[in-house]
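# Observations on the model geometry
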Amino acid sequence: MSYQEAKAKYASYHVDADAALARLKTIPVALHCWQGDDVRGFDTDPAKPLTGGIQTTGNYPGRARTPEELMADMDMVLKLCPGTKKLNLHASYAIFEPGEWADRDKLEPKHFQKWVDFCKERGLGCDFNPTFFSHPKCDPLTLSSPNEETRRFWIEHGKACIRISSYLAEQLGQPCVMNIWTGDGFKDIPGDRMGPRARYRQSIDEILSEPYDFKMVKPCVESKVFGIGVEAYTAGSAEFALSYAAFNKDKCIPLMDNGHYHPTEVVSDKIPALLAFFPEIALHVTRPIRWDSDHVVLFDDETKEICREIIRCGVERVNIALDYFDASINRLSAWATGFRNLQKSLLFALLQPNDELKTLQDKDNWTKLMVVQEELKTLPFGEVWDEYCRQCGVPVDGEWYDTVKNYEKKVLEVRK
Ligand code: RNT
Ligand code: ZN
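In this report, the structure presented in the accompanying data block is examined. Please read all numbers here as calculations on a predicted model, not as lab measurements.

### Some points on the overall build of the protein chain
Each helix and strand counted, the protein chain has 14 helices and 12 strands in total. If one aligns the C-alpha atoms of the protein chain with their principal axes, the spans along those axes are about 65 × 55 × 40 Å. Out of the 416 residues belonging to the protein chain, those deemed buried represent 57%. Taking the intrachain contacts of the protein chain between residues at least 6 apart in sequence as the baseline, contacts between residues at least 24 apart amount to 80%. For the protein chain, the exposed surface amounts to about 17800 Å²; the carbon and sulfur share of it is 54%.

Encoded structure:
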């Protein structure tokens, strides 16, 4: 079947496939740098384990060990990913001159200049994240620590990151979403649940007292249920993060990571719930298996449903980023598979007759709503997807795995 035939099939359901392709090309999606090196970064000893309740598993060969390697790998991935891309950086990916080093409270925009150049050359925007984990100053708490010196250090880190985010936004002429997430919490039953949260709140207040233009720098607060070694209590719980964002609507936005909720909860349903109140929200799209396992994003039901809600509620109100890290398979393939699946899910959502579905619901016609929704699942989606890839100048399905495999042989396997 050709694209023209597929287009006609969609048209019979009153869906304009050309319009869907044109729209999809304009939707920015942030590609996270941390899939390439198992979240290690460049500012601390790479032999030290990850902390903050997160963990990568697997030891597939070829992890990027230097900024040059990570950039080369990302370049390869960018060529495999259609659509409008942004880079998503963590502060731990600061790039220092030989002999230079700055601790996280002293990071400056200049430490990200190479990334700015990378983005400029490729026409990318950039999002940013302070790194409140994998560092000797995690005691293990950061922004919620009772130790005032620790807490101050991390507040200064947060403020430095606001300045860096402003620089990224200004240099690249696009807003920078700056996400605050800490793994602060306890392995076992706390004797004081309020103290850490009161300090966390105070710390975010102090970070956000650093001046910034809220149109260009968009600080977010990301919640979580639990992490590895942080099973009993998380300072930045769902209620904490959401309340913080709600009470500080003029300064920050809530961020939902779909790995950070109880297994029967779905972020797809939470999107319109939050957008009933917040002008904007941010997302980390990941794939939890039983828990916050950070598996590669698939073209699965919940990812599709998340994208359907993004499209129906207004994609310009949702800042979309990916967040997963799999060290057990080829990392470039992991990156590209997840990114392409998010694009596929967005396309799938754009190819729905959303106004009609809404009318069927409002008219209480649940019979036809079910029939139409089921039929939409087997329309010739693959043809439209291939056409999108062609228009974006990236390989269609079936034509990129070998490229990654060759790169693995030529580049990754040599990294010993
Ligand atoms: C951890 C959070 C957080 C991190 C990244 C690396 O559970 O999801 O967003 O994954 O900041
Ligand atoms: Zn996340």
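### Describing the pattern of salt bridges
On inspection of all chains with the given rule, the structure shows 29 salt bridges. One salt bridge connects Asp43 with Arg104, and the closest N-O pair in it is separated by 2.8 Å. Placement of Asp43 in the loop between strand 1 (28-32) and helix 3 (67-80) and of Arg104 in the loop between strand 2 (84-90) and helix 4 (113-122) is noted, with a sequence separation of 61 residues between them. Of the residues examined, Asp43 reaches a relative accessible area of 5% and is grouped as buried. The shortest N-O distance in the salt bridge between Lys377 and Glu374 comes to 2.8 Å. Glu374 gets classed as partly exposed once you look at its relative accessible area, which sits at 43%. Within the structure, one salt-bridge network assembled from shared partners comprises Arg65, Glu69, Asp73 and Arg415.

### Observations concerning the site of ligand 1
Taken together, Trp34, Ile54, His90, Trp181, Glu222, Lys224, Asp257, His260, His284, Asp292, Asp323 and Phe325 make up the full set of residues near ligand 1. Asp323 has a polar side-chain atom sitting 2.8 Å from an oxygen atom of ligand 1. Taking 310 Å² as the accessible area of ligand 1 by itself, protein coverage stands at 100%. Judged by its atoms lying within 2 Å of the grid points, ligand 1 is housed in the largest cavity. A per-class count over the shell around ligand 1 returns four nonpolar, three polar and five charged.

### Here we look at empty space enclosed by the protein
The full count for this structure, using the stated rule, is four cavities of 30 Å³ or more. The wall of the largest cavity is formed by 18 residues, among which Ile54, His90, Trp181, Glu222 and Asp323 lie closest to the centre. By residue class, the composition of the lining of the largest cavity is seven nonpolar, five polar and six charged. Considering only enclosed or pocket space, the second largest cavity measures out at about 70 Å³ in volume. Asn88, Asp127, Phe128, Asn129, Val177, Asn179, Leu255, Ala282, Leu283, His284, Asn319 and Ala321 together form the lining of the second largest cavity. The set of elements that each furnish at least two residues to the lining of the second largest cavity consists of strand 3 (125-129), strand 4 (176-180), strand 9 (281-285) and strand 12 (318-322). Grouping the amino acids of the lining of the second largest cavity by side-chain chemistry returns six nonpolar, five polar and one charged.

### Concerning helix 2 (residues 17-24)
When helix 2 is considered as a whole, its buried residues turn out to be Ala17, Ala20, Leu21 and Leu24. The buried residues of helix 2 occupy an angular sector of 95 degrees when the element is viewed end-on, so they sit on one face. For helix 2, the elements touching its buried residues are helix 1 (3-11), helix 10 (331-350) and helix 13 (381-392). Sitting at the head of helix 2, Asp16 places a side-chain oxygen 3.1 Å from the backbone nitrogen of Asp18.

### As for the nonpolar core
Judged by nonpolar contacts, the single largest core of 127 residues is most densely connected at Trp115, Phe128, Leu283, Ile320 and Leu347. Tallying contributions element by element places helix 10 first for this core, with 11 residues. Grouped together as the second largest cluster of nonpolar side chains are five residues, Val177, Cys220, Ile253 and Ala282 included.

### Observations regarding the pairing of strand 9
Within strand 9, five of the five residues are buried, leaving the element largely enclosed by the surrounding structure. Bridge analysis of strand 8 (residues 253-257) against strand 9 gives three bridges, and the strand direction is parallel. When the sheet's bridge partners are listed, Asp257 is paired in strand 9 with His284. Chirality of the crossover, the property in question, places the unit of strand 8, helix 8 (residues 267-275) and strand 9 among those that are right-handed. Here strand 9 pairs with strand 12 via five bridges, running parallel.

### Focus: the coordination of the zinc ion (ligand 2)
Distances from the zinc ion (ligand 2) to its protein donors, Glu222 (OE), Asp257 (OD), His284 (ND1) and Asp323 (OD), fall within 2.1 to 2.2 Å. Classification of the site at the zinc ion (ligand 2) as octahedral follows from its six donor atoms and the range of 71 to 171 degrees in their angles at the metal. The class for Glu222 is buried, based on a relative accessible area of 3%.

### A few points about the side chain of Ser92
Looking at where Ser92 falls in the secondary structure, it is placed in the loop between strand 2 and helix 4. With near-sequence residues (within four places) excluded, Ser92 lies in contact with Gly41, Phe42, Asp43, Arg104 and Thr131.

### Considerations on the packing of helix 9 (residues 301-313) against helix 10
Orientation of helix 9 relative to helix 10, taken along the N-to-C sense of each, is 55 degrees, at an axis distance of 8 Å. When the axis of helix 9 is compared with that of helix 10, the two are oblique. Crossing handedness for the pair helix 9 and helix 10: right-handed. Residues Thr303, Lys304, Cys307, Arg308 and Ile311 of helix 9 lie in contact with helix 10, whose contacting residues are Leu342, Ser345, Leu346, Phe348, Ala349 and Leu350.

Calculation notes
Residues numbered from 1 in each chain as written. Chains lettered and ligands numbered in written order. Predicted model: local features only at pLDDT ≥ 70, side-chain atom pairs only at ≥ 80, totals over all residues. Heavy atoms only, no water. Helix = DSSP H or I, 4+ residues; strand = E, 2+ residues; numbered from the N terminus. Buried < 20%, exposed > 50% of the residue type's maximum accessible area, 1.4 Å probe, protein only. Contact = heavy atoms within 4.5 Å. Areas by Shrake-Rupley, 256 points an atom, 1.4 Å probe, with all protein chains shown as cover. Salt bridge = Lys/Arg side-chain N within 4 Å of Asp/Glu carboxyl O. Near = heavy atom within 4 Å. Polar contact = N/O pair within 3.5 Å; in protein donor to acceptor, adjacent residues only side chain to side chain. 1 Å grid on protein atoms, 1.4 Å probe; cavity = no way out; pocket = protein on both sides within 12 Å on 5 of 7 lines; lining within 4 Å. Sits in = over half its atoms within 2 Å of the grid points. Nonpolar A, V, L, I, M, F, W, Y, C, P; charged D, E, K, R; others polar. Points joined across faces, edges and corners; volume = space filled by probe spheres on them. Arc of directions from axis to C-beta. Core = buried A, V, L, I, M, F, W, Y, C linked by side-chain atoms within 4.5 Å. Pairing = 2+ DSSP bridges. Right-handed = clockwise from strand over helix to strand, strands pointing away. Donors = N, O, S within 2.8 Å, 3.2 Å for Na, K, Ca; no water. Tetrahedral: all angles 85-135°; square planar, octahedral: opposite > 155°, others 65-115°. Axes fitted to C-alpha atoms, helices over the stretch in contact; angles between N-to-C directions. Parallel < 35°, antiparallel > 145°, perpendicular 65-115°, else oblique. Left-handed = near helix turned anticlockwise from the far one by under 90°.

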